[in-house]
Amino acid sequence: MDRKSGILLHISSLPSPYGIGTLGREAYAFADFLRAAGQRYWQLLPLGPTSYGDSPYQSFSTFAGNPYLIDLDLLAEEGLLDRADLEKINWGTNPRYVDYGRIYGARFDVLRAAFQKGYPRDREAVEAFRRENKWLDSYALFMAVKRHFGMKSWLDWPDEEIRLRRPAAVERWREELREDVAFFSYLQFLFFRQWDALREYIHSLGIRIIGDLPIYVAMDSADVWAEPEFFQLGEDCVPTEVSGVPPDYFSADGQLWGNPLYDYERMKKDGFGWWIRRVEGAGRLFDVIRIDHFRGMESYWAVPYGETTARNGRWRKGPGMDLVGVLTGWFSDLEFIAEDLGFLTPAVHQLLADSGLPGMKVLEFAFDAREPSNYLPHTYDRRCVCYVGTHDNETVMQWKEQADRADVSMARKYLGLSDVEGINWGMIRGGMSSVADTFVVQMQDCLGLGAEGRMNTPGKADGNWQWRLLPHEASPALAKKLYQYARMYGRV
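Quick look at the structure, then.

Rules and cut-offs
Residues numbered from 1 in each chain as written. Predicted model: local features only at pLDDT ≥ 70, side-chain atom pairs only at ≥ 80, totals over all residues. Heavy atoms only, no water. Helix = DSSP H or I, 4+ residues; strand = E, 2+ residues; numbered from the N terminus. Rg over C-alpha atoms; globule rule 2.2 N^0.38 Å. Buried < 20%, exposed > 50% of the residue type's maximum accessible area, 1.4 Å probe, protein only. Pairing = 2+ DSSP bridges. Axes fitted to C-alpha atoms, helices over the stretch in contact; angles between N-to-C directions. Arc of directions from axis to C-beta. Contact = heavy atoms within 4.5 Å. Polar contact = N/O pair within 3.5 Å; in protein donor to acceptor, adjacent residues only side chain to side chain. Salt bridge = Lys/Arg side-chain N within 4 Å of Asp/Glu carboxyl O. Phe/Tyr/Trp six-rings, centres within 6.5 Å; stacked < 30°, edge-to-face > 60°. Parallel < 35°, antiparallel > 145°, perpendicular 65-115°, else oblique. Nonpolar A, V, L, I, M, F, W, Y, C, P; charged D, E, K, R; others polar.

1. Re the overall build of the protein
Right, on to step 1. Of regular secondary structure, the protein possesses 19 helices and 12 strands.
Right, on to step 2. Over its C-alpha atoms the protein spans a radius of gyration of 23 Å, differing by no more than 12% from the 23 Å that the globule rule assigns to 492 residues.
Right, on to step 3. With respect to the principal axes defined by its C-alpha atoms, the protein has extents near 70 × 55 × 40 Å.
Right, on to step 4. The burial tally for the protein puts 59% of its 492 residues in the buried class.

Pasting the structure below:
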């Protein structure tokens, strides 16, 4: 990665008249904004279909796209929807935040109408898409059966035969729910058709896309249901242990994520083919892949299934370079970033060194007045990615208000922060001027937003993933200011 900078803004956070950001006009406009601002990266969160809690890190499929992000105006231009009908729907009353309840209640009815008009026309193209995407058959059937059973987790499906994916049951349900199977297949066809067009436009502007690859997949996903042999599941496909992180300074109980853990020994026997297919799918979306929770590749926290906190877990050895080496060696056309945050041991540092991947430096973690920090810019080498903060952190202005006063004072002295320049812009300057090859800032920090702009608070069950950009905020004046900073520090 050479010396460039970019902005972190998820697709769902874009403006739109239909309650959530999409792959339509505003996405193209934001790409234009990035170009005008001298930015060469657009960083996104995972793009998969979201489940309970609306987190892009808990998806029904690691391969599929989120139907919420399909642009309705583009469908209307094709004649698949009537724009007047769309305008009658209440998609939410506050353009600053996604109202997921309303989106869930209305989006699929609208998309069903588009399916009924478009599928007969596009049937052959959808069939070609299905042949090219081997994951689609399992995903579409999974979603159709899940919808039939009231969106229950597949662990709770009342038909044991389809829950355990017995061949006869698969064929029977595929026939019985053939229209819904076609519907969910068509949604993926629409998503990827819109995505491919947007990605091509982004590339035409000289901008590359960074995207997240969550280390785990959701338990309630087509991935686990279709290929349970690759996960640590016991009798009747119930997990034996699940994912999390141990107690630390920030959380006395740790974090209980609840994802199923991989059977790495089983995966290794076929050369980690499941992971190769997974990264191949991510490569259809992104140019640079950030491996979430990279430290879990070295060792991971395993919590007995049924525990209510992560306290009683244990460290278990991860696949290390056996897997990392396969991925970096197999995909010569992709770049990777290691999210090397959290509790890091010498073994994790060694794995990062052996992998040759750039790690992450977060400025909000740098200023600890009590002890030295390797997040301070003078400690960086070039091969890293500097962030002011990530989607899991406070905005800069929120950090200024909530961090220890001594830490904020240290930041002011170290970076020469002033209220005249703006604390957020001083932090952006600090990252831009560092030797890190790549610098990324959240859009919220470019706007100087406070707590109202936070995207996610780890451990908080609701109210996350809702923040949205307002239409006027990605302005020419802001683009000009960002360009000046990027040019000053050699990132244009």
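Structure's up, so let's keep going.
2. Examining the sheet that holds strand 8 (residues 314-317)
Right, on to step 1. Taken in spatial order, the 4 strands of this open sheet run 5-4-7-8, and their pairing is antiparallel. On the outer flanks of this sheet lie strand 5 (255-260) and strand 8, each paired with one strand and no other. With strand direction ignored, the average angle separating the axes of adjacent strands in the sheet is 50°.

3. A short note on helix 16 (residues 405-415)
Right, on to step 1. Listing the buried residues of helix 16 in full gives Asp 407, Val 408, Ala 411 and Leu 415. Buried residues of helix 16, viewed axially, fall in a sector of 100°; they line one side.
Right, on to step 2. On its buried face, helix 16 sits against helix 15 (396-402) and helix 17 (423-432).
Right, on to step 3. With a side-chain oxygen positioned 2.8 Å from the backbone nitrogen of Ala 406, the residue opening helix 16 is Asp 404.

4. Side note on the pattern of salt bridges
Pairs may arise between side chains of opposite charge once their charged atoms sit close together.
Right, on to step 1. Tallying each qualifying case throughout the model produces 34 salt bridges.
Right, on to step 2. Of the charged contacts in the structure, one is a salt bridge between Arg 131 and Glu 127, with a shortest N-O distance of 3.6 Å. One end of the pair is Arg 131 and the other is Glu 127, both in helix 4 (residues 100-132) and 4 residues apart, which spans about a single turn.
Right, on to step 3. Relative accessible area serves as the criterion here: at 47%, Arg 131 is assigned to the partly exposed category.
Right, on to step 4. Put simply, Arg 295 and Glu 298 hold a salt bridge, and the shortest N to O gap is 3.9 Å. Separated by 3 residues within a single helix, Arg 295 and Glu 298 lie in helix 12 (residues 295-298), roughly one turn from each other. An identical accessibility class is assigned to Arg 295 and Glu 298; each is buried.
Right, on to step 5. Via salt bridges that share partners, Glu 78, Arg 121, Asp 122 and Arg 193 belong to a single interconnected network.

5. Digging into the packing of aromatic side chains
Right, on to step 1. Inspection of every chain in the model, using the stated rule, returns 39 aromatic pairs.
Right, on to step 2. Ring geometry for Phe 60 against Phe 142: centres 6.4 Å apart, planes inclined by 55°, an arrangement best described as tilted. Here Phe 142 lies in helix 5 (residues 136-148) and Phe 60 lies in the loop between strand 2 (41-44) and helix 2 (72-77), a separation of 82 residues in the sequence. In this structure, Phe 60 and Phe 142 share a single accessibility class: buried.

6. Remarks on the packing of helix 4 against helix 8 (residues 178-204)
Right, on to step 1. Where helix 4 contacts helix 8, the axes come no closer than 7 Å and their chain directions differ by 80°. Looking at the two axes, helix 4 sits roughly perpendicular to helix 8. Across the interface between the two elements, Phe 108, Leu 111, Arg 112, Ala 114, Phe 115, Gly 118, Tyr 119, Arg 121, Asp 122, Ala 125, Val 126 and Phe 129 from helix 4 touch Glu 179, Asp 180, Ala 182, Phe 183, Phe 184, Ser 185, Tyr 186, Leu 187, Gln 188, Phe 189, Phe 192 and Arg 193 from helix 8.
Right, on to step 2. Broken down by class, the residue content of the contact of helix 4 with helix 8 amounts to 15 nonpolar, 3 polar and 6 charged.

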